[in-house]
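Each chain, letter by letter, is given below.
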Amino acid sequence: MAGPVAEPEERELEAALRPKNLDDFVGQERVRKQLGLVLAASKIRGRSADHVLMSGPPGLGKTTLAMIVAAEMNAPLRISSGPAIQHAGDLAAILSSLTEGEVLFLDEIHRMSRPAEEMLYMAMEDFRVDIIVGKGAGATAIPLELPSFTLVGATTRAGLLPGPLRDRFGFTGHLEFYSVAELELVLRRSAGMLDLRLTSAGFSEIAGRSRGTPRIANRLLRRVRDWALVHGIESIDARTASAALDMYEVDARGLDRLDRSVLQALVNKFNGGPVGLSTLAIAVGEEPETVETVAEPFLVREGLLGRTPRGRIALPAAWEHLGLKMPGNAVA
Ligand code: ADP
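As a starting point, this report considers the structure included with it.

The rules we used
- Residues numbered from 1 in each chain as written.
- Predicted model: local features only at pLDDT ≥ 70, side-chain atom pairs only at ≥ 80, totals over all residues.
- Heavy atoms only, no water.
- Pairing = 2+ DSSP bridges.
- Helix = DSSP H or I, 4+ residues; strand = E, 2+ residues; numbered from the N terminus.
- Core = buried A, V, L, I, M, F, W, Y, C linked by side-chain atoms within 4.5 Å.
- Buried < 20%, exposed > 50% of the residue type's maximum accessible area, 1.4 Å probe, protein only.
- Contact = heavy atoms within 4.5 Å.
- Axes fitted to C-alpha atoms, helices over the stretch in contact; angles between N-to-C directions.
- Near = heavy atom within 4 Å.
- Polar contact = N/O pair within 3.5 Å; in protein donor to acceptor, adjacent residues only side chain to side chain.
- Areas by Shrake-Rupley, 256 points an atom, 1.4 Å probe, with all protein chains shown as cover.
- Arc of directions from axis to C-beta.

Let's talk about the pairing of strand E4 (residues 128-133)
Bridge count between E4 and strand E5 (residues 140-145): six bridges; the pairing is antiparallel. The partner of aspartate 130 across the bridge, within E5, is proline 143. If you look at the hairpin formed by E4 and E5, you'll find six residues sitting between the two strands, and glycine 134 has a positive phi there, around 85 degrees.

Concerning the nonpolar core
The biggest cluster of nonpolar side chains holds 70 residues, and the ones touching the most others in it are Leu35, Leu65, Ile206 and Val262. If one sorts the elements of this core by residue count, helix H9 (residues 214-230) sits on top with seven residues. Apart from the residues lying within four places of it in its own chain, the contact partners of leucine 65 are Leu22, Phe25, Val31, Leu35, Met54 and Leu175. Formed by 24 residues, the second largest nonpolar core is a distinct cluster that contains Leu95, Met112, Met119 and Tyr121.

Side note on the sheet that holds strand E7 (residues 171-174)
The pairing of strands in a sheet comes from backbone hydrogen bonds and takes either a parallel or an antiparallel form. As summarised here, the arrangement of the five strands in space is E2-E3-E6-E1-E7, forming an open sheet in which the pairing is parallel. Where the open sheet ends on each side, the last strands, each with one partner, are strand E2 (77-81) and E7. Ignoring which end each strand starts from, the neighbouring axes of this sheet average 15 degrees apart. Pairing geometry for strand E1 (residues 52-55) and strand E6 (residues 150-155), over four bridges, is parallel. Within E6, the residue paired with methionine 54 across the bridge is alanine 154. On top of the sheet, helix H2 (residues 29-45) reaches E1 and E7; it is set at about 160 degrees to E7, its chief contact.

What to know about the side chain of serine 190
Here serine 190 shows up in helix H7 (residues 180-194). The residues touching serine 190, leaving out its near neighbours within four places in the chain, are Leu17, Asn218 and Leu221.

Comments concerning the site of the ligand
Around the ligand lies a shell of 19 residues, among which Val26, Gly59, Lys62, Thr63 and Thr64 are the nearest. A distance of 2.8 Å is found between a nitrogen atom of the ligand and a backbone nitrogen or oxygen belonging to valine 26. Relative to its unbound accessible surface of 560 Å², the ligand loses 100% to contact with the protein. For the shell around the ligand, the elements supplying multiple residues, two or more each, are helix H1 (8-17), helix H3 (62-72) and H9.

Comments concerning helix H12 (residues 277-284)
If you check which residues of H12 are buried, you get Leu277, Leu280, Ala281 and Val284. The buried side chains of H12 occupy one side of the element, clustering within an arc of 100 degrees when seen end-on. Contact partners of the buried residues in H12: helix H11 (257-270), helix H13 (288-301) and strand E11 (311-314). At the C-terminal side of H12, glycine 285 shows a positive phi close to 70 degrees.

Examining unusual backbone geometry
Cis geometry is found at the peptide bond from glycine 273 to proline 274, where omega equals 5 degrees. The residue proline 274 is located in the loop between H11 and H12 in this model. The residue arginine 211 is not glycine, and still its phi comes out positive at about 55 degrees. As for its placement among the helices and strands, arginine 211 is situated in the loop between helix H8 (200-208) and H9.

So, in structure tokens, the structure goes:
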């Protein structure tokens, strides 16, 4: 997923920091091994790789892995996304211009329109599409052969993908949040590339506040770098890192402003819940999808928020984190 809109310099840096092959890709041991095997086998067979689906919260490496698939297969990469494909014709235009073996990356694939999705089924399975010409009784389907290609789909919501689409992927990788130790490795690699000096404690401080997410780790590293530059600090230690990150409202547990406002709304406006997702989203002024895919997975993993059949609830750790006492009548 592209993530929040970044400044051009930030985007350039993000691109520069992307690992270029599976060996440089930190963590996600299982996905890396499984994907490595899929790619090695297709290289031996001399065929394009099976279609691959990557699922998981934003910033965990789905786009990076798509780029790695193309690089490892020595194939060109085409990038598009579900929201950009609103008509079957949009997809037909992309598919018909692919070259043999090309890797097609479709980000947010769950947001593609239904007719395009149906066209994709046939393309994935038979490397063929039917282009419909004309309307009503006079409409005819013109079959179009496609070169064999590898589709890499990415989604933050694997559950929303219709079964027939999910079944057409030969391999699905579920990306998990990263451990603090893994994020330290990501940060060490990035600091090396940006020529920055940090103490071990400096690395741990940033890693611990990165919400289990490499994109956030790299972003926080750049903010700490700015702080150190302005304050004339050459070697970044834990105190410098925490002073900088406090200023950017990233708290010691890594919660950002959206995370905290979700918890605060739950606790202050709904007495800890249960409350429905859309009501909660309105209370924080965000789209339900943003709350569900960006904030919730991390809050759930941290044991701060619970999802129940009756709605979202604040768990005892959430009250504690906000420095509040949980009232006796709260549900948790
Ligand atoms: P997604 O597509 O899942 O939103 P990206 O692939 O765009 O995430 O990753 C965001 C950034 O995080 C990339 O610029 C990359 O530098 C970094 N990154 C992601 N995964 C890893 C990893 N496993 N090791 C090192 N850096 C990573």
